[in-house]
Amino acid sequence: DAQSAQPLSGMSVLLFVLFSGFVIQRTSIPPGWKWMYWLSPISLAWRANVINEFRNGDRYNKCTYQIDVFLCPQNIDNG
């Protein structure tokens, strides 16, 4: 029922936001909680937004910082 689902959904959204990579960076997440980063839909949306912003056009086609495998894939010039 809705009365028991509401606190559960609030807690899950809190965990998704906390482990999205925006509040706690991916490198700072404890090893036992790394799965939450990859499960979080907020994390997926955040990475998609960052990729869309910084991989748009020739200006951002070089990857100077190896932050994330999604931002700096191996086929980009790292120079």
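This text goes with the structure placed above it.
Here, residues in each chain are numbered from 1, in the same order as that chain's written sequence. In keeping with the predicted nature of the model, local features appear solely for residues at pLDDT of at least 70, side-chain atom pairs appear and are counted solely at 80 or more, and the whole-chain, interface and lining totals rest on all residues. Side-chain measures were taken over the full set of non-hydrogen atoms in the model, leaving aside hydrogen atoms and water.

(A) Quick look at the overall build of the chain. A count of helices and strands for the chain gives three helices and zero strands. Along the chain direction, N to C, the helices and strands of the chain fall in the order α-α-α. Type-normalised accessible area, obtained with a 1.4 Å probe on protein chains alone, sets the label of each residue: buried when under 20%, exposed when over 50%, and partly exposed for intermediate values. Residues classed as buried in the chain amount to 19% of the 79 residues present. Restricting to contacts in the chain with at least 6 residues of sequence separation, those with at least 24 account for 17%. Accessible surface for the chain amounts to roughly 6,000 Å². Of this, 61% is attributable to carbon and sulfur atoms. Labels follow the DSSP assignment, with helices taken as runs of H or I lasting at least four residues and strands as runs of E lasting at least two, numbered in each case from the N terminus. The criterion used for residue contact is that any of the two residues' heavy atoms lie within 4.5 Å. The Shrake-Rupley method, run with a 1.4 Å probe sphere, supplies the accessible areas, and residue values consider only the shown protein chains as cover.

(B) Region of the structure containing a nonpolar patch on the surface. Residues enter patches when they are more than 30% accessible in relative terms and free of salt bridges; like-charged ones are connected within 9 Å and nonpolar ones (Val, Leu, Ile, Met, Phe, Trp, Tyr) within 5 Å. Salt bridges are defined as contacts in which a side-chain nitrogen from Lys or Arg sits within 4 Å of a carboxyl oxygen from Asp or Glu. Taken together, the side chains of Val13, Val17, Leu18, Phe22, Val23, Ile42 and Trp46 make up a nonpolar region of the molecular surface, amounting to roughly 600 Å² of accessible area. Among the elements of the structure, helix H1 (2-18) and helix H3 (41-54) are those that each provide at least two residues to the nonpolar patch. Of the residues forming the nonpolar patch, the biggest block, three residues, is contributed by H1. Within the secondary structure, valine 23 sits in the loop between H1 and helix H2 (34-39).

(C) Region of interest: the packing of aromatic side chains. Note on ring pairs: Phe, Tyr and Trp rings are taken, using the six-membered ring of Trp, and paired if centres are within 6.5 Å. Classes follow the plane angle, with under 30 degrees stacked, over 60 edge-to-face and the rest tilted. Overall, the coordinates contain four aromatic pairs when judged by the stated rule. When the centroid spacing of 5.2 Å and the interplanar angle of 5 degrees are considered together, the rings of phenylalanine 19 and tryptophan 33 count as stacked. With phenylalanine 19 in the loop between H1 and H2 and tryptophan 33 in the loop between H1 and H2, this pair connects stretches of sequence that are 14 residues apart. Look at phenylalanine 19 and you get buried, because its relative accessible area is 6%. A ring pair is formed by tryptophan 33 and tryptophan 35, whose centres lie 6.0 Å apart and whose planes are at 20 degrees; its orientation type is stacked. Here the aromatic residues Phe19, Trp33 and Trp35 are joined through ring pairs into a cluster of three or more.

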